[in-house]
Amino acid sequence: MLAKRLEGIAPTIFSRMSALAISTGSVNLGQGFPDVDGPPDVIAAAVAALHEGRNQYAPGLGVPELRHAVARHQQRHYGIELDPDTEVVVTTGATEGVAAALLGLVDPGDEVVVLEPYYDSYVAMMQMAGAVRRPVTLRAPDFRLDADELRAAVTPRTRFVLLNSPHNPTGTVLTRAELEAVAAIAVEHDLVVITDEVYEHLVFDVHEHVPIATLPGMRERTLTLSSAGKSYSFTGWKVGWATGPAALVGALLAAKQWLTFTSGSPLQPAIAHALDHEPDFPRELARDLQGRRDLLCAGLGKAGLTPRIPEGTYFAATDVAPLGWDDGLEFCLALPDRAGVVAVPAQVFYDDPDAPGAGRHLVRWAFCKDSAVIEDGVRRLQEADLRK
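Residues numbered from 1 in each chain as written. Predicted model: local features only at pLDDT ≥ 70, side-chain atom pairs only at ≥ 80, totals over all residues. Heavy atoms only, no water.

A separate point is the sheet that holds strand β7 (residues 222-227). Spatial ordering of the open sheet is given by β2-β8-β7-β6-β5-β3-β4, a layout of seven strands whose pairing is mixed. The open sheet terminates on both sides in strands that have one partner only, identified here as β2 (88-91) and β4 (132-137). Sheet twist, expressed as the mean angle between neighbouring strand axes with direction ignored, is 20 degrees. Sheet topology note: the β2/strand β8 (residues 240-243) ladder contains four bridges and is antiparallel. Residue pairing across strands places valine 89 opposite alanine 242, the latter belonging to β8. Taken strand by strand, helix α9 (residues 246-256) contacts β2, β6 (192-196), β7 and β8, and its axis lies near 30 degrees from that of β2. (Pairing = 2+ DSSP bridges. Helix = DSSP H or I, 4+ residues; strand = E, 2+ residues; numbered from the N terminus. Axes fitted to C-alpha atoms, helices over the stretch in contact; angles between N-to-C directions. Contact = heavy atoms within 4.5 Å.)

Here is the structure:
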């Protein structure tokens, strides 16, 4: 009895692989949730809000203190000026932000250019909205954006670009030049850009996150999505936000009001506290994550799984073909028995995982775990026979 709009959409791979980790007692290096919570004073602020009676419906837009805190965050970090009453909406995580943006803006038959590989909710929500997907692949092993391929993907029916940088699952951070190419095409073809920037602060080495809304001609055509889940290690709180021109934010809100309407009433003022009073936490988290990235990548290399060093996010990708595997899912399903470790196959994030430079052989590993967990996982991998 499944509705036609859901036909062909498989259950999320993250639920499947995390359930496999639990059932086999394996180390979960698959799903991207941290082992350590965010700042204690933010948790205390949530507890205080519970005791202060912040337990009923929050406004559909989000509580005023969080909307104002988000506006201050955007101004402080990027120089973006926002009206917190018309250009900021609180969402139930960035996942709802993506869903509401697509349902609120996209008409059936509209084409959406999207970077591939893509977070799996993008595909599901584009299908539910009736969008036509126009993928542009970040090709292995470098995962860079080809501006010519991006331009070739745009047709007279294209209305939107769905962007993600820092990029899950590849760990690529789009350069200013790559983003300028996206902006030039968006301006030329009058496209709206919906940009998922949940990993905005989790960038490593010399790399820099540049919000595309800051580029010339993009402020008025960009809807930006982010959340506190990744930047503050509160993934289970599901507190996110959308910012941008009032017309775009209003379209998202028009759909969101029929989804959750509102959520997390006592958590919203706590996240406002985080943005205003713990501004250095994301930078410290990124520094710590960079060390854990290096720990995981070194360990994967010693296990014969040479990774591409990610520039941001929680994730590193490896190619399992040198070990004799021609299918990443098959490798991941065998891995708990062989090594007591769970990872995520990247092929589920592609329309055609067998296309040149695509991901049939790629596997995604998460390094947002405690160092002891990473060390245990890579030790198991190094001691196991991973060859097919």
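This is not the end of the story, as more comes after the structure.
To continue, consider the UniProt feature "domain: Aminotransferase class I/classII large" (unreviewed entry) in the protein. Taking the UniProt record as the reference, the feature "domain: Aminotransferase class I/classII large" (unreviewed entry) is found at residues 27-351. With 40% helix and 16% strand, residues 27-351 has end C-alpha atoms that lie 29 Å from one another. (UniProt positions renumbered as here; feature names shortened; annotations may be inferred.)

This part covers the side chain of histidine 209. Tracing the backbone shows histidine 209 in the loop between β6 and β7. Not counting residues up to four positions away in its chain, the partners in contact with histidine 209 are Tyr78, Ser165, Pro166, Val173, Glu197, Glu200 and Val203.

Picture a little ball the size of a water molecule; that probe, rolled over the atoms, points out where space is still empty. In this structure, the largest pocket encloses a volume near 480 Å³. Thr95, Tyr119, Tyr199, Lys230 and Lys238 are, among the 27 residues lining the largest pocket, the residues nearest its centre. Looking at the lining of the largest pocket, the elements that each hand over two or more residues are α1 (13-24), α4 (93-105), α5 (120-129) and α8 (228-231). The biggest single contributor to the lining of the largest pocket is α4, with four residues. Residues that form the lining of the largest pocket fall into these classes: 11 nonpolar, 12 polar and four charged. Of the volumes computed, that of the second largest pocket is approximately 390 Å³. As for the second largest pocket, its lining consists of 20 residues, and the residues nearest its centre are Ile9, Ala10, Asp120, Val123 and Val348. Listing elements by their share of the lining of the second largest pocket, those giving two or more residues are α1 and α5. (1 Å grid on protein atoms, 1.4 Å probe; cavity = no way out; pocket = protein on both sides within 12 Å on 5 of 7 lines; lining within 4 Å. Points joined across faces, edges and corners; volume = space filled by probe spheres on them. Nonpolar A, V, L, I, M, F, W, Y, C, P; charged D, E, K, R; others polar.)

Moving on to the sheet that holds strand β9 (residues 307-308). Strand order in the open sheet made by the four strands is β9-β10-β13-β12, with antiparallel pairing throughout. At either end of the open sheet lies a strand with only one pairing partner, and these are β9 and β12 (344-345). Here β12 runs beside strand β13 (residues 362-366); their pairing, made up of two bridges, is antiparallel. The residue of β13 that forms the bridge with valine 344 is arginine 364.

Turning to unusual backbone geometry, a few remarks are in order. A cis geometry characterises the amide bond from alanine 140 onward to proline 141, with omega recorded as 5 degrees. Position of proline 141 among the secondary structure elements: in the loop between β4 and α6 (147-153). Omega for the bond connecting asparagine 168 with proline 169 falls within 30 degrees of zero, at 20 degrees, which places this linkage in the cis form. Inspection of the secondary structure assignment puts proline 169 in the loop between β5 (158-164) and α7 (176-189). Positive phi, normally seen in glycine, also occurs at lysine 238, with a value near 55 degrees. In this fold, lysine 238 is placed in the loop between α8 and β8. On the basis of relative accessibility, which here comes to 35%, the residue lysine 238 falls in the partly exposed class. (Buried < 20%, exposed > 50% of the residue type's maximum accessible area, 1.4 Å probe, protein only.)

Another aspect to go through is the packing of aromatic side chains. Evaluated as defined, the whole model comprises 11 aromatic pairs. Ring centres of phenylalanine 234 and tryptophan 237 lie 4.1 Å apart, and the angle between their planes is 15 degrees; this geometry places the pair in the stacked category. For the pair phenylalanine 234 and tryptophan 237, one class covers both residues: buried. Ring geometry for tyrosine 314 versus phenylalanine 315: centroids 5.9 Å apart, planes at 70 degrees, classification edge-to-face. For phenylalanine 315, a relative accessible area of 2% translates into the label buried. (Phe/Tyr/Trp six-rings, centres within 6.5 Å; stacked < 30°, edge-to-face > 60°.)

Here the focus is the environment of glycine 312. Positionally, glycine 312 belongs in the loop between β9 and β10 (315-319). Taking the relative accessible area as the measure of exposure, glycine 312 reaches 0% and is therefore buried. Counting along the chain gives 302 residues from glycine 312 to alanine 10, while the straight-line C-alpha distance between them is 27 Å. Residues in contact with glycine 312, not counting those within four places in the same chain, are Gly171, Val173, Leu202, Val203 and Phe204.

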